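Chain residues, written in single-letter form:
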Amino acid sequence: MKQAMFWEVADERRVRCGLCRFRCLIAEGRRGICGVRENREGVLYTLVYGRSVAENVDPIEKKPLFHFHPGSLSFSVATVGCNFRCLHCQNYQISQLPRDHQQAIAGYPLEPAEIVRRALASGCRSIAYTYTEPTVFFEYAYDTAVLAKEAGLKNVFVTNGYITAEALAAIAPYLDAANVDLKGFSEEFYREVVGATLQGVLDTLREYRRLGIWIEVTTLIIPGRNDRAGELRKLAAFIADELGADTPWHVTAFHPTYKLKEVPPTPAESLRKARGIGLEAGLRYVYTGNIPGEQGESTLCPDCGAVLIERRGFRLGRVNLDQGRCKGCGTLIPGVGMEERIS
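Overview of the structure. Quantities reported herein were computed from a predicted structural model and do not represent experimental measurements.

The omega torsion across Lys63 and Pro64 is -10°, close enough to zero to call that bond cis. Note on placement: Pro64 falls in the loop between strand S8 (54–59) and strand S9 (73–78). Despite not being glycine, Glu41 shows a phi value in the positive range, around 55°. Take Glu41: it is sitting in the loop between strand S5 (37–40) and strand S6 (43–46).

What the three strands build is an open sheet, ordered S1-S6-S5; its pairing is antiparallel. The open sheet is flanked by strand S1 (2–3) and S5, the only strands paired with a single partner.

Take the sheet that holds strand S15 (residues 249–253) next. Pairing between the strands of a sheet is mediated by backbone hydrogen bonds and can be parallel or antiparallel. Reading across the sheet, the eight strands line up as S8-S9-S11-S12-S13-S14-S15-S16 and stay open at both edges, with mixed pairing between neighbours. Looking at which strands have only one partner, the edges of the open sheet turn out to be S8 and strand S16 (286–289). Strand-to-strand twist in this sheet, taken as the mean axis angle between neighbours without regard to direction, amounts to 20°. Taken together, the four bridges between S15 and S16 define a ladder with parallel strand orientation. From the neighbouring strand, Trp249 faces S16, where its bridge partner is Val286. Where helix H3 (residues 112–121) meets the sheet, its contacts fall on S8, S9 and strand S11 (126–129), and the angle it forms with S9 comes to roughly 155°.

Before going further, it helps to examine the side chain of His88. If you trace the backbone, His88 turns up in the loop between S9 and helix H1 (92–95). In this structure, His88 is in contact with Val193, Leu220, Ile222, Phe254, Thr257 and Leu260, ignoring residues within four places of it in sequence.

For the rest of this paragraph, the subject is the pattern of salt bridges. In total, this model carries 22 salt bridges according to the counting rule given. In this structure, the salt-bridge partner of Arg118 is Glu114, at a minimum N-O distance of 2.8 Å. Of this pair, Arg118 and Glu114 both sit in helix H3, separated by four residues, roughly a single helical turn. Take Glu114: its relative accessible area is 23%, and that puts it in the partly exposed class.

A pair of packed helices is captured by two measures, namely the crossing angle of their axes and the spacing between those axes. One can describe the packing of helix H8 (residues 229–243) onto helix H9 (residues 268–280) by two numbers: an axis separation of 9 Å at closest approach and a directional angle of 40°. It follows that H8 is oblique to H9 by the angle criterion. In this structure, H8 meets H9 at a crossing whose hand is right-handed. Contacts between H8 and H9 involve Ala229, Leu232, Arg233 and Ala236 on the former and, on the latter, Ala274, Ile277 and Gly278. Class assignment for the residues of the contact of H8 with H9 results in five nonpolar, one polar and one charged.

Take the environment of Gly32 next. With respect to the helices and strands, the residue Gly32 is situated in the loop between strand S4 (25–27) and S5. Among the residues examined, Gly32 registers a relative accessible area of 13% and is labelled buried. Sequence separation between Gly32 and Cys326 is 294 residues; the distance between their C-alpha atoms is 48 Å. In this structure Gly32 touches Cys24, Ile26 and Arg37, once residues within four positions along its chain are discounted.

Two elements in contact, H3 and helix H4 (residues 138–150), have axes separated by 8 Å at closest approach and are oriented at 50°. Judged by the angle between their axes, H3 and H4 are oblique. Crossing of H3 over H4 shows right-handed handedness. In contact with Pro112, Ala113, Ile115 and Val116 of H3, H4 contributes Tyr140, Asp143, Thr144, Leu147 and Ala148. Of the residues belonging to the contact of H3 with H4, the class tally is seven nonpolar, one polar and one charged.

Here we take up the state of the cysteines. What we call a disulfide is simply a covalent bond connecting the sulfur atoms of a pair of cysteines. Counted by the stated rule, this structure contains zero disulfides. Here Cys304 stays free of any disulfide, with the sulfur of Cys326 as its closest cysteine sulfur at 3.7 Å.

The next point concerns the nonpolar core. Counting 85 residues, the largest nonpolar core has Phe84, Ile127, Leu182, Tyr190, Leu205, Tyr208 and Trp249 as the members making the most contacts within it. Sequence-distant contacts of Leu205, that is, excluding residues within four places in its chain, are made with Val180, Leu182, Ile215, Val217, Phe238 and Leu243. Membership of the second largest hydrophobic core comes to 11 residues, among which are Cys301, Leu308, Met338 and Ile342.

What follows covers the pairing of S15. The side chains of a regular strand alternate between the sheet's two faces. Taking burial as the measure, the five residues of S15 include five buried ones, the bulk of the element. Burial along S15 is two-sided: the face carrying Trp249, Val251 and Ala253 and the face carrying His250 and Thr252 are both buried. Considered for its hand, the β-α-β crossover made up of strand S14 (residues 214–221), H8 and S15 is right-handed. In terms of handedness, the path from S15 via H9 over to S16 forms a crossover that is right-handed.

Our focus in this paragraph is the pairing of S5. Of the strand pairs in this sheet, S5 and S6 are connected by four bridges, and their pairing is antiparallel. Across the sheet, the residue bridging to Glu38 is Tyr45, located in S6.

Turning to the environment of Ser72, a few remarks are in order. Residue placement: Ser72 occurs in the loop between S8 and S9. The sequence separation of Ser72 and Pro59 amounts to 13 residues, and the corresponding C-alpha distance is 6.1 Å. Side-chain polar atoms of Ser72 contact the backbone oxygen of His69, separated by 2.7 Å.

Calculation rules
- Residues numbered from 1 in each chain as written.
- Predicted model: local features only at pLDDT ≥ 70, side-chain atom pairs only at ≥ 80, totals over all residues.
- Heavy atoms only, no water.
- Helix = DSSP H or I, 4+ residues; strand = E, 2+ residues; numbered from the N terminus.
- Pairing = 2+ DSSP bridges.
- Axes fitted to C-alpha atoms, helices over the stretch in contact; angles between N-to-C directions.
- Contact = heavy atoms within 4.5 Å.
- Salt bridge = Lys/Arg side-chain N within 4 Å of Asp/Glu carboxyl O.
- Buried < 20%, exposed > 50% of the residue type's maximum accessible area, 1.4 Å probe, protein only.
- Parallel < 35°, antiparallel > 145°, perpendicular 65-115°, else oblique.
- Left-handed = near helix turned anticlockwise from the far one by under 90°.
- Nonpolar A, V, L, I, M, F, W, Y, C, P; charged D, E, K, R; others polar.
- Disulfide = S-S within 2.5 Å.
- Core = buried A, V, L, I, M, F, W, Y, C linked by side-chain atoms within 4.5 Å.
- Right-handed = clockwise from strand over helix to strand, strands pointing away.
- Polar contact = N/O pair within 3.5 Å; in protein donor to acceptor, adjacent residues only side chain to side chain.

Everything listed here is a matter of coordinates, which is why it stays silent on function.
The following block contains the structure:
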């Protein structure tokens, strides 16, 4: 247990958390909506500091980040807890554990310095705070990120995009990239399926852009829930207009899980249509995911159409980049580490 960051006393019995956009007002002895921050005698504590529930060495493409040191490995860590309650969460066993199991906190000791040591020993280029929502284990991620930066490692958030501007600004000097879920483009979808607001996520995305952190956006296409063409056009237009046409957009396939088991899997054709909508909106890099064999996983030159980075799932094939430029026409491909040797 460690005293939390970003909170203030509201009155003699309650505290106000300022870590995420819910800004929970928490009574003494109670927890915030995330289930892992608790008011104890007027002081807010994080219950998951140094308590990892998952660690893996992953390809950076799994995050997914396609324009951030392609072909590299990322040491991935998580704790239990989440501030969203997505009905389709693929990691619900750990993200929703406190909510679904009487406020249980699971995990094993793993200190920030040990995470950095293991990342370096594993040949990783970065550390990814992922699987659950990194915002809710902010203090753990922050201390790890500071040590990682000192050791020459990069730091990556895989996030739902609900962190407050002040918390994001605090970690920004150590945060190199993020994949942000933009789960849909209607307040109704966010209210009913996610338990949050669309506007909060849009505001956070603008903050990432303003702070100069490399971002890629992912939208899981759920049949009958967020796959209407008009909604996807608005979503793609937001990315192009507010984040920039070079922002990669990943449209990925849904598979029935958790509380949406009655919804069918996403047809491949729905992903192809979503990709087409993104390209029509002016986005230069739109990728399809979670369906094997799709051609939309590879990076193409937006000017001459050549295959620059061939992908099959999380594995890379041929690479046709020279110092981050298309070997055919010389177009510079945006991202971080694109100029490095890609294996």
